[in-house]
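# Observations on the three-dimensional arrangement
Below are the chains, spelled out letter by letter.
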Number of protein chains: 2
Amino acid sequence: MRISTKGGYGIRAMYELAMAYGQGPVPLKTVAERQSISEHYLEQLMGMLRRAGLVRGIRGARGGYELTSAPEAIRVGDVLRALEGPISPISCVDHDGFSECVRLEQCPTRGLWKRLRDSMTAVLDSTTLADLCREAQEDNL
Amino acid sequence: MRISTKGGYGIRAMYELAMAYGQGPVPLKTVAERQSISEHYLEQLMGMLRRAGLVRGIRGARGGYELTSAPEAIRVGDVLRALEGPISPISCVDHDGFSECVRLEQCPTRGLWKRLRDSMTAVLDSTTLADLCREAQEDNL
DNA sequence: GTAATTCCTAGTGAAACACTCGGGATTAAT
DNA sequence: ATTAATCCCGAGTGTTTCACTAGGAATTAC
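Here's what I pulled together on the structure shown here. Everything numeric in this text was worked out from a predicted model, so none of it was measured. (Residues numbered from 1 in each chain as written. Chains lettered and ligands numbered in written order. Predicted model: local features only at pLDDT ≥ 70, side-chain atom pairs only at ≥ 80, totals over all residues. Heavy atoms only, no water.)

### What about the environment of A:I37?
Residue and element names in this part refer to chain A. Of note, I37 is situated in the loop between helix 2 (28-34) and helix 3 (39-51). For the pair I37 and G10, spaced 27 residues apart in sequence, the C-alpha separation works out to 9.9 Å. Those residues in contact with I37, other than ones at most four positions away along the chain, are Y9, R12, A32 and L42. (Helix = DSSP H or I, 4+ residues; strand = E, 2+ residues; numbered from the N terminus. Contact = heavy atoms within 4.5 Å.)

Written out as structure tokens, the structure reads:
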């Protein structure tokens, strides 16, 4: 029941971009250093986030990455879905369809997995990047 | 954010044993057939469940497996922990200690992972095998 | 033009997953 | 006593994913 480092790195990187929101793009190198993440690996993750429409890459000198919308509008769940696929403990209760389960409606565990999925989604979709920034500020007082 | 098939198979196998609780041991072969799980693979999972103290194996002809306690007393979370380790999205918020995170208290995401862990645990530890049996009965009416 | 940056493709070692295989130990029924 | 059913154990295997690394092309500020 683990997220991969992709998810963890991704959230931390997005937190950095959220902290700098409105102040121009942040270069990958800076994000990687601040969060101790391999630069090249993070590059790949940023690619996924860009293709998912969550960040914008600005090329050339003085370039970098920035959020495409305000930290208040980006949910942790969005970031995780872009990097790790559907938030769901098992494919047969994925929201985006294609369950492929033969058992389907007569499965004794389906209800359980749905409840689990919903409780995970509730947490992840009710927390935004802005919330993370606020919490960090509160902690470091 | 997926459980592996270990977890899924394990819960379904335990459900079968719960349905037969008090009626003598169920042979592995029967469980495997009823739930369409590879017999040899399930054998390995039952080994883990046995070592975790959740089931008892009875050897010889007319042998099989049975729960060591009543279905009401076995939580889905117990089964999952035996097969997949701690229920926690990331190791630094594992309940059983050893976090090894340098960032530790000044991490902007720790609070998030704790909330996620707690909401997962709440679902998984409030559902017992008896609940699964009851739900299955309700559905198949 | 040069330096800083994103962007893209490909490769790689380690680990886990989901099995398969073969055989040994134990027990109930005959 | 034999046989058949069953659990128990260890080893091996193909596939996938992870978490990187490497190298270079394209773009842009100065």
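### Here's the deal with the nonpolar core
Counting 81 residues, the largest nonpolar core has A:M14 and B:M14 as the members making the most contacts within it. If we ignore the near neighbours within four places in the chain, the residues touching B:M14 are B:L49, B:L54, B:V55, B:L67, B:I74, B:V79 and B:L129. (Core = buried A, V, L, I, M, F, W, Y, C linked by side-chain atoms within 4.5 Å. Buried < 20%, exposed > 50% of the residue type's maximum accessible area, 1.4 Å probe, protein only.)

### Description of the interface of chain B and chain A
Contact with chain B, which involves 38 residues of that partner, is made by 37 residues of chain A. Roughly 3400 Å² of surface becomes buried between chain B and chain A when both sides are summed, with 60% attributable to carbon and sulfur atoms. Three residues stand out in chain B for area buried against chain A, namely B:M1, B:R2 and B:P108, and they jointly supply 23% of the buried area on that side. For the interface between chain B and chain A, the tally reads four salt bridges. Where B:E135 meets A:R115, a salt bridge forms, and the shortest distance between an N and an O atom there is 3.2 Å. At the junction of chain B and chain A, the tally comes to 11 residue pairs in polar contact (both at pLDDT 80 or more). Mapped by element, the contributors of at least two residues to the side of chain B that touches chain A are helix 1 (5-19), helix 4 (76-84), helix 5 (110-125) and helix 6 (129-139) of chain B. (Buried area = accessible area lost by both parts, 1.4 Å probe. Salt bridge = Lys/Arg side-chain N within 4 Å of Asp/Glu carboxyl O. Polar contact = N/O pair within 3.5 Å; in protein donor to acceptor, adjacent residues only side chain to side chain.)

### Points about the packing of aromatic side chains
Residues and elements named next belong to chain A. By the definition in use, this model includes two aromatic pairs over all chains. When the centroid spacing of 6.0 Å and the interplanar angle of 80° are considered together, the rings of Y9 and Y41 count as edge-to-face. Taken together, the residues Y9 in helix 1 (residues 5-19) and Y41 in helix 3 connect sequence positions 32 residues apart. (Phe/Tyr/Trp six-rings, centres within 6.5 Å; stacked < 30°, edge-to-face > 60°.)

### Focus on unusual backbone geometry
Working note: non-glycine residues mostly have negative phi, and peptide bonds are mostly trans. Residues and elements named next belong to chain B. One non-glycine residue with positive phi stands out, namely S36, at about 45°. The topology assignment puts S36 in the loop between helix 2 (28-34) and helix 3 (39-51). Of note in this structure, R62 is not a glycine but carries a positive phi near 65°. Positionally, R62 belongs in the loop between strand 1 (55-58) and strand 2 (64-67). Here R62 falls in the exposed class, since its relative accessible area comes to 82%.

### Observations concerning the protein's contact with DNA strand D
Residues in close proximity to DNA strand D total 25 residues, the closest being A:T5, A:Y9, A:Q44, B:L28 and B:E43. Restricting attention to atoms of DNA strand D within 4 Å of the protein, one finds that 64% of them are sugar or phosphate atoms. Within the backbone of A:G60, an N or O atom sits 3.5 Å from a base oxygen of DNA strand D. A:A61 places a polar main-chain atom, nitrogen or oxygen, 3.3 Å from a base oxygen of DNA strand D. Of all the elements in the fold, those that place two or more residues in the surface near DNA strand D are helix 1 and helix 3 of chain A together with helix 3, strand 1 and strand 2 of chain B. (Near = heavy atom within 4 Å.)

In short, geometric facts, not functional conclusions.
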